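Structural characterization, general
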Amino acid sequence: MRPTGAAGALDASPAPAAGQTVEIAYHTDPLCCWSWAFEPQWRRLRYEYGDQLVWRYRMAGMIAAWDGYADPINAISRPAQMGPLWMQARRVSGMPIDDRIWIEDPPSSSYPGCLAVKAAGLQSALAAERLLRRLREAVMIERRNIARRDVILAVADELASGQPDSLDADRLRHDLEDRAALNALREDIKELRYLEIGRFPSLTLRRPGGAGVIIVGYRSYDALLAALARVAPELEPVRRALSRTEYEAYWGRCTARELDEALG
């Protein structure tokens, strides 16, 4: 998946040769507060290193259902216990996160959101990228229950209306019933189980065909750069954000925390 997947304004520079790129597999979930908290660092990395990075999103299926779900590290086994974790993510990261959803309308599963992202991916990487972002915004900021199909479709309609070049909402309705989307989600979950990944976000960085470095959990930008340097020490940024206006023009929508991160 090329970095052009999320940009508001695409980089017109020539793509580097395969040997000059780093591949990133990003295991995440629309319902993961730490993945949302990590967006400022993730966006900054992609902006600064441009086409030297290629990535693909892997959906985690973090919560299949609350029956049988347990997170012993954070002592979470029921929805109401998720709120304090979201509060912690907000305090640590500075990203806007509204934890009241876990009292008012707790999502029953993260699978519907994950499946929607894989269904959007049947259209294009751009569609998957933008739908994932809007689902995150919907649940983290707008307190909307993205476990519900009607909410997912409403978010898709809003995205298609605002950015008609990125997503076909009518096709998404069809593709949500397509076994190809379900099989793609199953493959993602199979991969993370094979890698024994149980925390998110998790990123694997590697040269094409080479050994990789895995980053697990919420990390600072410096930690992300250190991992990149282990894989490709010669890579240098191709640009820096010089103003908030420039950065917002590239991404389209940014939080205040994302802008602060981009401008150092």
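Residues numbered from 1 in each chain as written. Predicted model: local features only at pLDDT ≥ 70, side-chain atom pairs only at ≥ 80, totals over all residues. Heavy atoms only, no water.

**Brief notes about the state of the cysteines**
Where we set the bar: The disulfide criterion used throughout: a pair of cysteine sulfur atoms within 2.5 Å. The rule is simple: take the accessible area with a 1.4 Å probe, protein chains only, and divide by the maximum for that residue type; under 20% is buried, over 50% is exposed, in between is partly exposed.
One pass over the full model with this rule turns up 0 disulfides. With no disulfide partner, Cys-33 has as its closest neighbouring cysteine sulfur the one in Cys-32, 5.7 Å distant. For Cys-254, which is in no disulfide, the shortest distance to another cysteine sulfur is to Cys-32 and amounts to 20 Å. Assessed through its relative accessible area of 18%, Cys-254 is described here as buried.

**Remarks on the packing of helix α5 (residues 111-121) against helix α9 (residues 179-194)**
Our working definition: Here the axes come from fitting lines to C-alpha atoms, over the contacting stretch only for helices, and the angles between their N-to-C directions go from 0 to 180 degrees. In DSSP terms, a helix is any run of H or I states spanning at least four residues, a strand is any run of E spanning at least two, and both are numbered starting from the N terminus. Angles below 35 degrees are treated as roughly parallel, those above 145 as roughly antiparallel, those between 65 and 115 as roughly perpendicular, and all remaining angles as oblique. The crossing is said to be left-handed when, going from far helix to near helix, the turn is anticlockwise and less than a right angle, and right-handed when the turn is clockwise. Contacts are assigned to residue pairs with any non-hydrogen atoms lying within 4.5 Å of each other. Think of it as three bins: nonpolar holds Ala, Val, Leu, Ile, Met, Phe, Trp, Tyr, Cys and Pro, charged holds Asp, Glu, Lys and Arg, and polar takes everything else, Gly as well.
For the pair α5 and α9, interaxial distance at closest approach is 8 Å and the crossing angle is 115 degrees. Classed by the angle they form, the pair α5 and α9 counts as roughly perpendicular. Note on packing geometry: the crossing formed by α5 with α9 is right-handed. Contacts between α5 and α9 involve Tyr-111, Cys-114, Leu-115, Lys-118 and Ala-119 from the former and Ala-181, Leu-182, Ala-184, Leu-185, Asp-188, Ile-189 and Arg-193 from the latter. Of the residues contributing to the contact of α5 with α9, the split by class is 9 nonpolar, no polar and 3 charged.

**A short note on the sheet that holds strand β1 (residues 22-28)**
Put simply, the rule is: Should DSSP find at least two bridges between two strands, the strands are taken to pair.
On the basis of which strands lie adjacent, the open sheet formed by 4 strands has the order β2-β1-β3-β4 and mixed pairing. The sheet is open, and its two edges are formed by β2 (53-59) and β4 (212-216), each paired on a single side. Across the sheet, the axes of successive neighbouring strands diverge by a mean angle of 15 degrees, strand direction being ignored. Note that β1 and β2 share 7 bridges and pair parallel. Note on β2: the bridge partner recorded for Tyr-26 is Tyr-57. α9 contacts β1 and β2 of the sheet and is inclined by roughly 100 degrees relative to β2.

**Some words on the packing of helix α6 (residues 125-140) against helix α7 (residues 149-162)**
Two quantities define a packed helix pair, namely the angle between the axes and the distance from one axis to the other. Relative to each other, α6 and α7 sit at 120 degrees, their axes nearing to 10 Å. With respect to their mutual orientation, α6 and α7 come out oblique. The handedness of the crossing between α6 and α7 comes out as right-handed. Between α6 and α7, the contacting residues are Arg-130, Leu-131, Arg-134, Leu-135 and Ala-138 on the first element and Ile-152, Val-155, Ala-156, Glu-158 and Leu-159 on the second. Residues of the contact of α6 with α7, tallied by class, amount to 7 nonpolar, no polar and 3 charged.

**Notes on helix α3 (residues 82-93)**
The condition that has to hold: Expected span of a helix: the number of residues minus one, times 1.5 Å. This arc is taken over the directions from the axis of the helix to the C-beta atoms.
Between its first and last C-alpha atoms α3 spans 17 Å; for 12 residues at 1.5 Å apiece the expected length is 16 Å, and the two agree. When we look at burial in α3, the residues that qualify are Met-82, Gly-83, Leu-85, Trp-86, Ala-89 and Ser-93. Relative to the axis of α3, the buried residues are bounded by an arc of 160 degrees and lie together on one face. Check the buried side of α3 and you find it contacts α1 (33-37), α4 (101-104), α6 and α12 (256-262). Looking one or two residues past α3, Gly-94 carries a phi angle of roughly 85 degrees, positive in sign.

**Description of the nonpolar core**
For clarity, the cut-off: Residues enter a nonpolar core if they are buried and are Ala, Val, Leu, Ile, Met, Phe, Trp, Tyr or Cys, with the set joined through side-chain atoms within 4.5 Å.
Judged by nonpolar contacts, the single largest core of 74 residues is most densely connected at Val-22, Ile-24, Trp-42, Leu-45, Trp-86, Leu-131 and Leu-205. Broken down by element, this core gets its largest block of residues, 8 residues, from α6. Leaving out residues up to four positions away in the same chain, Trp-86 has contacts with Leu-31, Cys-33, Ile-97, Asp-98, Asp-99, Ile-101, Trp-102, Val-139 and Met-140. Formed by 8 residues, the second largest nonpolar core is a distinct cluster that contains Tyr-47, Tyr-247, Tyr-250 and Trp-251.

**With respect to the confidence of the model for the protein chain**
To keep it simple, the criterion reads: pLDDT is a residue-level measure of predictor confidence that goes from 0 to 100.
Here the protein chain shows a mean pLDDT of 92. Residues at 70 or above account for 93%. Counting interchain partners and residues more than four positions distant, the pLDDT-below-50 stretch residues 1-16 has 43 contacts.

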